[in-house]
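Chains, contacts and geometry: an overview
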Amino acid sequence: MTKLKLSSKMHLFIIISVAVVFIGFLVGIICQFVAGGFFNYGAEFKSYNTVEINYAYVDFSEEEKVVEICDGVFDKAGVSYYNCASGDTSDGGKIIFRFSAGSDEKTLADAANAIQTLLNGDKESSQSYAAFHKVQTTLNGGRVLTYTSIAIASAVVLQLIYYIVRYKLTMALGALLANFHNLALYVALLAMTRIPVGLSAVAFAALTVLFTMIATGYMFDRYRRNLKKENFAKLDGDEQTDICVRESLVNSLYPAIGVAVLAVILFVMLSVSAMSVVGVISPVVLSVLAVASAIYGSMFFMPPVYTRIKRIGDAVKNRSKKNNK
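These notes cover the structure that comes with them. (Residues numbered from 1 in each chain as written. Predicted model: local features only at pLDDT ≥ 70, side-chain atom pairs only at ≥ 80, totals over all residues. Heavy atoms only, no water.)

**With respect to the overall build of the chain**
- Summing up its helical and strand segments, the chain has 9 helices and 6 strands in all.
- When the 325 residues of the chain are sorted by exposure, 39% land in the buried category.
- Contacts in the chain between residues far apart in sequence, at least 24 positions, make up 76% of those at least 6 positions apart.
- When the accessible surface of the chain is summed, it comes to about 18,000 Å², and 63% of that surface belongs to carbon and sulfur atoms. (Helix = DSSP H or I, 4+ residues; strand = E, 2+ residues; numbered from the N terminus. Buried < 20%, exposed > 50% of the residue type's maximum accessible area, 1.4 Å probe, protein only. Contact = heavy atoms within 4.5 Å. Areas by Shrake-Rupley, 256 points an atom, 1.4 Å probe, with all protein chains shown as cover.)

Printed below as a string of structure tokens:
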């Protein structure tokens, strides 16, 4: 830890970041045309088709009988659903079969009509019926996504103003760069890894920015304190940055790793109770991606880049002083 030197590796970190972001966005763009979306959208954001069954207890006393009828029709039609949800109504029950958005709509509509016929049987009138529905979600119209975007933008602007007042303009620009870089890295990793993207992905995007704010806050606060020391002030920018990174790295890791560990614990508990790993593994992977993006961007990518920003700022400041003389 005492020999950690990052300032000389700026070009390496820039190459890594550009490569990850480029590959991630390239994968996302390709998948937009061939795989149904830039991201692998989860249930909250994914369009789908349904066949909805409403049955009355006077017609069917057991849900299993209705499901058996539906399964027979779906098998004959050559379609399969990926989710089946059921519940009670005032006079019977409801079963909703979900199919992927790419399923043939005419086939599903015909299947719904066939189920309707089987539910009615020889009865002249029946309270049980089946219907086909197409559910089209609006990815950019969700309130959660909109409000989270506004919250992130507001937090970044407030941080920028605060850093300008408390620290320096160059530090404020460094923190702003880290926020944009880490968020872009997180989005690229989502597209590249094809992790299901739902509301939890939006929450971890906000946490990525929060972790970045904490990490940059630790580093620049250490920078501000060290500048009061005569020996530190005499060092060049590269050495100053390396010292501040070493002194603030551990404190910056605590909140990020703490959230990742908590996510793993919750994953274990939920997977045991749900008896399914698939249903809860996505938030854990998202937490790891968020933590990795924040730590790498804040403590490895941003410090050497900030050193260059500081050099430019110092050069402008010195030039201004000469002109005033």
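**So, the packing of helix H5 (residues 169-193) against helix H6 (residues 199-226)**
- Look at H5 against H6: their axes get within 9 Å of each other, and the N-to-C directions meet at 150°. Relative to H6, H5 is oriented roughly antiparallel. Helix-helix and strand crossings are classified by hand; for H5 and H6 the assignment is right-handed. In this structure, H5 uses Met 171, Ala 175, Ala 178, Asn 179, Asn 182, Leu 183, Tyr 186 and Leu 190 to contact H6, whose residues at the interface are Ala 201, Phe 204, Ala 205, Thr 208, Val 209, Thr 212, Met 213, Thr 216, Phe 220 and Tyr 223.
- Within the contact of H5 with H6, the residues separate by chemical class into 13 nonpolar, 5 polar and no charged. (Axes fitted to C-alpha atoms, helices over the stretch in contact; angles between N-to-C directions. Parallel < 35°, antiparallel > 145°, perpendicular 65-115°, else oblique. Left-handed = near helix turned anticlockwise from the far one by under 90°. Nonpolar A, V, L, I, M, F, W, Y, C, P; charged D, E, K, R; others polar.)

**A closer look at the environment of Val 202**
- Positionally, Val 202 belongs in helix H6.
- Overall, the relative accessible area of 10% leaves Val 202 in the buried class.
- Between the C-alpha atoms of Val 202 and Thr 148, which are 54 residues apart in sequence, the distance is 7.3 Å.

**A look at the nonpolar core**
- Grouped together as the largest cluster of nonpolar side chains are 26 residues, with contacts concentrated most on Tyr 163, Met 171, Met 219, Phe 220, Tyr 223, Met 302 and Tyr 306.
- For this core, the secondary structure elements donating two or more residues are helix H1 (10-34), H5, H6, helix H8 (237-274) and helix H9 (278-324).
- Looking at this core, the element that brings in the most residues is H9, giving 7 residues.
- Ignoring any residue separated from it by four or fewer positions in sequence, one finds Met 302 in contact with Gly 174, Ala 178, Thr 216, Met 219, Phe 220 and Gly 297. (Core = buried A, V, L, I, M, F, W, Y, C linked by side-chain atoms within 4.5 Å.)

**Section: the pairing of strand E2 (residues 48-56)**
- With respect to burial, E2 is a largely interior element, 9 of its 9 residues being buried.
- In this sheet, strand E4 (residues 92-100) lies alongside E2 in antiparallel orientation, the contact comprising 9 bridges. Residue pairing in the sheet places Ala 56 in a bridge with Gly 92 of E4.
- Of the strand pairs in this sheet, E2 and strand E5 (residues 129-135) are connected by 7 bridges, and their pairing is antiparallel. Among the inter-strand pairings, Asn 54 is bridged to a residue of E5, identified as Tyr 129. (Pairing = 2+ DSSP bridges.)

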